[in-house]
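Fold and geometry: a report
As a plain string of letters, each chain reads:
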Amino acid sequence: KQEVTQIPAALSVPEGENLVLNCSFTDSAIYNLQWFRQDPGKGLTSLLLIQSSQREQTSGRLNASLDKSSGRSTLYIAASQPGDSATYLCALPDSSASKIIFGSGTRLSIRP
Amino acid sequence: SAVISQKPSRDICQRGTSLTIQCQVDSQVTMMFWYRQQPGQSLTLIATANQGSEATYESGFVIDKFPISRPNLTFSTLTVSNMSPEDSSIYLCSAYPLEGFSAEAFFGQGTRLTVV
């Protein structure tokens, strides 16, 4: 059974710093992995999708990497801004491709 | 990417009543999912709704409490029945496009439900 873990649960950094969020999964036989952003009380916004055959994806200041063999993905945020403050979730389809498994999220706060 | 319009965005309801949440997608999708997110928690899957078949419920969720409809490839509803304060949560719908799990999942903006 696939399990997804995100560490740390919360992170606070000053504006301008580069930072890395971590996502671990137990079953390396994955279709893909998706990173989401969630603002308080809101729905989820997709940030990046990495297919199982890819090692990384980039969108603006965001870069997501995938290492299936070690069961890890990282989300790198460059030059952080207060507007980046949100909860970041990673998710991936389970092995039966019947549903998505979510990590518990990292709550990010960028201090001006 | 596709867009889901979810309504209502928030509601305050009396205990014992029911609320129906609607999700309208601007394109045809295969699988739709309904999630609950309790305060400070991650998402918990309630059920999977595929057009033309009964919804598949996760452990701990039953059809009598959370009836779901999926009449076509662009629309689904979730009803929260006989509500209690413990049902106060954010409810989210999501979907995959016709390509399925190889594509991005996308979400509605959520329904913030408060039961008093």
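You'll find the structure just up there.
Everything in this summary refers to the structure shown in the same document. (Residues numbered from 1 in each chain as written. Chains lettered and ligands numbered in written order. Predicted model: local features only at pLDDT ≥ 70, side-chain atom pairs only at ≥ 80, totals over all residues. Heavy atoms only, no water.)

1. Notes on the sheet that holds strand 1 (residues 4-7) of chain B
Residues and elements named next belong to chain B.
- With antiparallel pairing, the four strands of this open sheet are ordered in space as 1-3-8-7. Looking at the sheet topology across the chains shown, the edges are occupied by strand 1 and strand 7 (68-72). Within this sheet the neighbouring strands show an average axis-to-axis angle of 15 degrees, counted without direction. (Pairing = 2+ DSSP bridges. Helix = DSSP H or I, 4+ residues; strand = E, 2+ residues; numbered from the N terminus. Axes fitted to C-alpha atoms, helices over the stretch in contact; angles between N-to-C directions.)

2. Digging into the state of the cysteines
All names here are of chain B.
- Scanning all chains against the criterion turns up two disulfides over all chains.
- Two residues share a disulfide in this structure: Cys23 and Cys93, whose sulfurs sit 1.8 Å from each other. The sign of the S-S torsion, about -95 degrees, decides the handedness of the disulfide formed by Cys23 and Cys93: left-handed. With Cys23 in strand 3 (residues 19-25) and Cys93 in strand 9 (residues 89-97), this residue pair connects regions lying 70 residues apart in the sequence. (Disulfide = S-S within 2.5 Å.)

3. Digging into the pattern of salt bridges
- Inspection of the entire model under this criterion finds four salt bridges over all chains.
- Taking the shortest distance from any N to any O, the salt bridge between Glu58 of chain B and Lys99 of chain A comes out at 2.7 Å. Residue Glu58 of chain B is located in the loop between strand 6 (56-57) and strand 7, and its partner Lys99 of chain A is located in the loop between strand 9 (86-93) and strand 10 (100-102); the two belong to separate chains.
- Lys99 of chain A sits in the partly exposed class, given a relative accessible area of 22%. (Salt bridge = Lys/Arg side-chain N within 4 Å of Asp/Glu carboxyl O. Buried < 20%, exposed > 50% of the residue type's maximum accessible area, 1.4 Å probe, protein only.)

4. Observations regarding unusual backbone geometry
- The amide bond that connects Ile7 of chain A to the next residue, Pro8 of chain A, takes the cis arrangement and shows omega of 0 degrees.
- In this model, Lys7 of chain B is joined to Pro8 of chain B through a cis peptide bond whose omega is -5 degrees.
- By secondary structure assignment, the location of Pro8 of chain B is in the loop between strand 1 and strand 2 (10-13).
- With a phi angle near 45 degrees, Ala79 of chain A is a residue other than glycine that sits in the positive phi range.
- On the basis of relative accessibility, which here comes to 38%, the residue Ala79 of chain A falls in the partly exposed class.
- The backbone of Asn82 of chain B shows a phi angle near 45 degrees, a positive value even though the residue is not glycine.
- Mapping Asn82 of chain B onto the fold places it in the loop between strand 8 (75-80) and strand 9.
- Among the residues examined, Asn82 of chain B registers a relative accessible area of 55% and is labelled exposed.

5. Description of the sheet that holds strand 3 (residues 19-25) of chain A
Residue and element names in this part refer to chain A.
- Here we have five strands laid out as an open sheet, ordered 1-3-8-7-6, and antiparallel in their pairing. At either end of the open sheet lies a strand with only one pairing partner, and these are strand 1 (4-7) and strand 6 (56-59). Taking the axes of each pair of neighbouring strands and ignoring which way they run, one obtains an average angle of 15 degrees across the sheet.
- For strand 7 (residues 62-67) and strand 8 (residues 72-77), the ladder comprises six bridges, and the chain directions are antiparallel. In the strand pairing of strand 8, Ala64 is matched with Leu75.

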